Amino acid sequence: MRYFSLSLLLTGMLFLSVGTFAAEDTTASLAAQAVRLTAQKKLPEAERLYRQLAKDDPADGLPRLARFLTVTGQTTAAREMLTGEDAAQLPALLRARAALAAGDVALAENLTTSATLSEGGDVYSAVVVRVNALIAGGQQKAASEILADATLDTQLSPQQRREFFDRLTHVGDSGQVARVALPLVESLAENPSIGFEPLRDTALLALQNLTAGEAASRFRDELSSASATSAPATWMLAIAQVRRGEVPEARELLKKRFAEEKTTASRVLIGRELASLLDDDRPATMRLLEELVPLTNGDPVLRLQAAQMAYKMQDFPRAQRHLKDLDTSTFDEGRMWAWRNVSVGNIGKVSAPAQVISEFEAASEGLPYDKIRELAEAPWVRLSETNDQLKVHKLLLDRLAETSAPAWLHILRMSLENQLINSPGVFEALTDYVAAAPGDFPALEELGALHGARVFQYANNLSKSDVATTPAEFYQMAGDAAAVLWKAAEARPYQPEAFDRLMALYVLVGDQEQARRVPQFLLVKNENSPEALGQAGFLYATNGFAEEAVPIYERAMKLRPDDMNLRLNYAGALTRVGRNQDAEGIYWSLMEHGMHDRQYHTHEIYANAYRLAERTGRIDHFLGFLAGLLKKPDVAQRDEFLLDVGKLLTFYGRPDAAVPFLEAASSEFPDRAEEARASLIRTHVARRDFDAAEKLIVEAEAATTSVDAQISARFGRADLARERGDIEAAVKIWEELAQAHPKDTLAARGLLAGAELLAAQNPPDKARASVLLERFNELNVGDDEDNHQAAALRDKLGQ
C-alpha cells in the first residue's frame, strides 16, 4: 500500500554559516561579513553592510537587503526601498526579484506585468521572475499561460524554451501543455542545433503529461489531423502508439511516412524512430541506418548504431567501415563503452591477429582494471576458432616480451588463457600484471582470491584417492597464496576481505597460531585505535576465535564508549562464547535507552534480541520485557520504539503481541498515526481479523482530504478483499478506482492487479483479465516495472 507524507520546505539563503573571510572589501566579503554579524545578532552593523552591498552590486545586494529587512521585522522599510522615488531608477525586474526575496508577492507580481517582461532584453530572467511571483501568489493558471507563451518565443534559446516547457508540465495545466506541445516540437525540429535525443525527450515529456482527460483527447485529435502535413506530428503519434503497446501500428505509420517524405530533416526524424522499431529485421534496419548516415553528414551516434547492427549481423567488414575514424568526442560514458566493445569485439574477424592486440592496447588505455577485464572478453566473442586464438596467443606473448608493452596486455592474455582453458596461464598472466602494476589493488585482490580458491580446491581434492597432488605441493600453494594475500592486506588494511581469506587459509592448513596472528597486524602500529581494535575483534569473532575477540572489543569500548557498532559487535562475540545474558543485557539496554536518547539500528538490535531469546528459550521473558517498556513513557524515541516493536512482532509471527504497541503509537503520536495505522492493518490481516483491518481503512479514508491518501485507502480495501478471497469485490473496487482517477499510477495499477488475479483463478477468467489489461495499457501511466509486468501477463493470456 502506498502512503504519502506531504510537507512544504521553505529555505532562506540569508543566514548561511560562514567561517573566516578575506579582509578586502569585495562583494563576497561584504556578504560574508553581513551574514556573520546577523548570526551574532549585531543587526545595525549587518544592515550597514547589506546597504553597502546593495549600493555596490544591486543585482546581488538588493535582494539580500530586502530579505534582511523583512526577516528583522522592517517590512515597511523594505517596501519603501522598492517603491520609493530612489527605487524608480532601478530596473523593475531587479526590484521584482528583491520583492520575491522579501516575500512581498503582490509587489513582485505588480512589478512583473507583461509590459516589463522584455525590459533590458533579458526575456528569460523576466519570465522566471514573473512565473515565480505568480506561483508564490497562488496564480498557477496565469503562470502556466506565461510559461506556455515562453515555450514558443523564438527570442529564447531552444534550451530555455525546453526548460520552460518542463516547468509548465510541473505546474499541471494540461490544457496549456496540449496547446503548445506540437508547435514547440515542430519549431525545435527545424533547429539544427537541437539533437534528436533532446527533441525526443521533449516529445516524451508532452506525451507523458497528456495521457487522459479532455486536453489529452484534444491533443490526440490534433496529432492525427496534423500528421497529414507535419512530420513531427506523425513522429509523436507513432511514439504515442508505441507507449500504448501498438508497435506494429507505429512501425507501419512511420514506414509509410518515410517513403513519402522528401525533406531531409523530416526523413531523418522519422527514420531514426523507425530504426528503433525494426530490430527484428536486421537487414532492413541496416539499410535504413546507412541511408540516414549520409543525410546527417555522418552523425557519430548513427554510425555507432550502424556498426552495432552490422556486428549483430556478423558482417564484420561492414561494421569496421562504420567504426573507421569515428568521432567519439561527444559520446557519453554509455556510448563510449558500446564503442569500445564493438570495436574490440569486431577486429577479430576483419583484422590480422596482430591488429587484435594493437586495437586492444589503444582501447584499454586509461581504463580502470575492472573495465579492462570486461573489455578483454570482447575479442573472443567472434574470434572463437582455436587456430585464430592460438595465432593471437603467440603474437601476444611476443608483444609482452617487448619492453614497450603496456601492463594491461597481461589482462588480455589472462582472458585468452581462460578461453584456451589454460588455468596455469591465467595465474601467470595475472601474476605478471600485478608485478607490472603493483599499485592496482583490485588486480592484487583478485589474484589473492584466485590463489585462495585454488588452495581450497586442492584441499578438497586431497581427500580423494584418485588425485595425485602431494601434500608438499599443497603447502607450497598455500604459502604462495598467503604471500599474495599479505600484500593485499598490507595495501588496504582497512578492508577486511584479505584478512578474512588469510585467516581461513591458515585454519585450512591447520596453523591456528598463525591464524590468530593475522588480526594482530592491524594493531602493531594502532594498538590504541578504536577502529583497528574493532576490525581485529570482528576478524577474530567471525573466523572462529570469539574468545580472542571479547577482550579486544572491551579495550576498544574503553577508548570509545559511545560507539554503538562496537557494542553491537561485542554483543555478537559474547553470544559466540556463550555469554548470552551479557549480550541480552546490551540489546535490552539499547532498546530502552538507545543512543543519545534516540533508537539505533532497530532493524538489527531488535531482530538480534528476538533471535537470541528464541535460541535460549527466553521468548516469554523477552515479551515480558517489551510489555514493561510499553508502560514506560521515557523509552528512547518512544514513537520509533513502538512502531518497530510492532513490526518486529508481526514479522516473527506474533501479531497479537504487536497490536498494543501499534495502537499506542497511533494514539500517542498523531504525526505517526498514518504509519502506525498502515502497520496495524497489516497486523490485523496477519491475525486474520479482516473486520478490524477494514474498519481502520475506512477510518483512514474518511479522515483525509488528500486525494492520494484516499486512493491508497481504496486500494487497501481492494487488497483486503483479495486477502479474504472475495475476488469480485476486489476487482470491482479496482475498476471503480481507475475510472475515477485515470491519471493516477496507483489507481491504474489496480487494473493490472485485478487482471493478474482473474488470470490466476482456477479456471482463469481470461476474457475479463484481457479487458482490464487493455484498459491499463490505454491509461499508459505505469512505470517500467508495471509495463514489464503487463507484457508478461499479455503473453500469459496469449495476446
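Not measured: the values here are computed from a predicted model.

## As for the pattern of salt bridges
Piece 1. For the structure shown, the criterion picks out 47 salt bridges.
Piece 2. Residue Asp 149 pairs with Arg 179 through a salt bridge whose shortest N-O separation is 3.0 Å. Of the two residues, Asp 149 is situated in helix H8 (residues 140-151) and Arg 179 in helix H10 (residues 174-189); the sequence distance between them amounts to 30 residues.
Piece 3. The partly exposed category is assigned to Asp 149, whose relative accessible area is 45%.
Piece 4. A salt bridge links Arg 579 to Asp 582; the nearest nitrogen and oxygen atoms lie 2.9 Å apart.
Piece 5. Residue class for Arg 579 comes out partly exposed when judged on its relative accessible area of 32%.
Piece 6. Within this structure, Asp 639, Glu 640, Lys 647, Arg 672 and Glu 675 form a network of salt bridges that share partners.

## Here we look at the nonpolar core
Piece 1. Counting 115 residues, the largest nonpolar core has Tyr 587, Met 591, Phe 622, Leu 626 and Phe 641 as its most contacted members.
Piece 2. For this core, the element with the most residues is helix H27 (residues 471-491), which contributes 10 residues.
Piece 3. Leaving out residues up to four positions away in the same chain, Met 591 has contacts with Gln 599, Ile 605, Tyr 606, Ala 609, Phe 622, Phe 625, Leu 626, Val 635, Phe 641 and Val 645.
Piece 4. Grouped together as the second largest cluster of nonpolar side chains are 63 residues, Leu 134, Leu 182, Leu 205 and Leu 302 included.

## A word on the confidence of the model for the chain
Piece 1. Overall, the predicted model of the chain reaches an average pLDDT of 84, with 92% of residues at or above 70.
Piece 2. The least confident element of the chain is helix H22 (residues 379-382), whose mean pLDDT is 68; the most confident is helix H36 (residues 619-630), at 96.
Piece 3. Ignoring residues within four places in sequence, the model shows residues 1-25, a span with pLDDT below 50, making 35 contacts including any to other chains.

## A closer look at the packing of aromatic side chains
Piece 1. According to the stated counting rule, one finds 15 aromatic pairs in the structure shown.
Piece 2. With 5.0 Å between their ring centres and 35° between their planes, Tyr 50 and Phe 68 make a pair best called tilted. Note that Tyr 50 is positioned in helix H2 (residues 43-56) and Phe 68 in helix H3 (residues 58-71), a separation of 18 residues in sequence.
Piece 3. With relative accessibility at 0%, the residue Tyr 50 sits in the buried group.

## Notes on the layout of surface pockets
Piece 1. The computed volume of the largest pocket comes to approximately 920 Å³.
Piece 2. Gly 195, Phe 196, Val 268, Leu 269 and Arg 272 are, among the 37 residues lining the largest pocket, the residues nearest its centre.
Piece 3. Counting residues per element, the ones that place at least two in the lining of the largest pocket are H10, helix H11 (196-208), helix H13 (231-243), helix H15 (264-275), helix H16 (282-295) and helix H17 (300-312).
Piece 4. Among the elements that take part in the lining of the largest pocket, H15 stands out by supplying eight residues, more than any other.

## A word on the side chain of His 684
Piece 1. Along the polypeptide, His 684 turns up in helix H39 (residues 673-686).
Piece 2. Residues within four places of His 684 in sequence aside, it is in contact with Val 659, Asp 689, Ala 692, Ala 693 and Leu 696.

## Overview of helix H35 (residues 602-615)
Piece 1. Counted at 1.5 Å a residue, the expected span for H35 with its 14 residues is 20 Å, and the 19 Å between its end C-alpha atoms agrees.
Piece 2. Among the residues of H35, Thr 602, Ile 605, Tyr 606, Ala 607, Asn 608, Ala 609, Tyr 610, Leu 612 and Ala 613 are the ones counted as buried.
Piece 3. Considering only its buried residues, H35 is in contact with helix H33 (564-576), helix H34 (580-593), H36 and helix H37 (638-651).
Piece 4. Within two residues after H35, Gly 617 carries a phi angle of roughly 70°, on the positive side.

Thresholds applied
Residues numbered from 1 in each chain as written. Predicted model: local features only at pLDDT ≥ 70, side-chain atom pairs only at ≥ 80, totals over all residues. Heavy atoms only, no water. Salt bridge = Lys/Arg side-chain N within 4 Å of Asp/Glu carboxyl O. Helix = DSSP H or I, 4+ residues; strand = E, 2+ residues; numbered from the N terminus. Buried < 20%, exposed > 50% of the residue type's maximum accessible area, 1.4 Å probe, protein only. Core = buried A, V, L, I, M, F, W, Y, C linked by side-chain atoms within 4.5 Å. Contact = heavy atoms within 4.5 Å. pLDDT = per-residue confidence, 0-100. Phe/Tyr/Trp six-rings, centres within 6.5 Å; stacked < 30°, edge-to-face > 60°. 1 Å grid on protein atoms, 1.4 Å probe; cavity = no way out; pocket = protein on both sides within 12 Å on 5 of 7 lines; lining within 4 Å. Points joined across faces, edges and corners; volume = space filled by probe spheres on them. Expected span 1.5 Å × (residues − 1).

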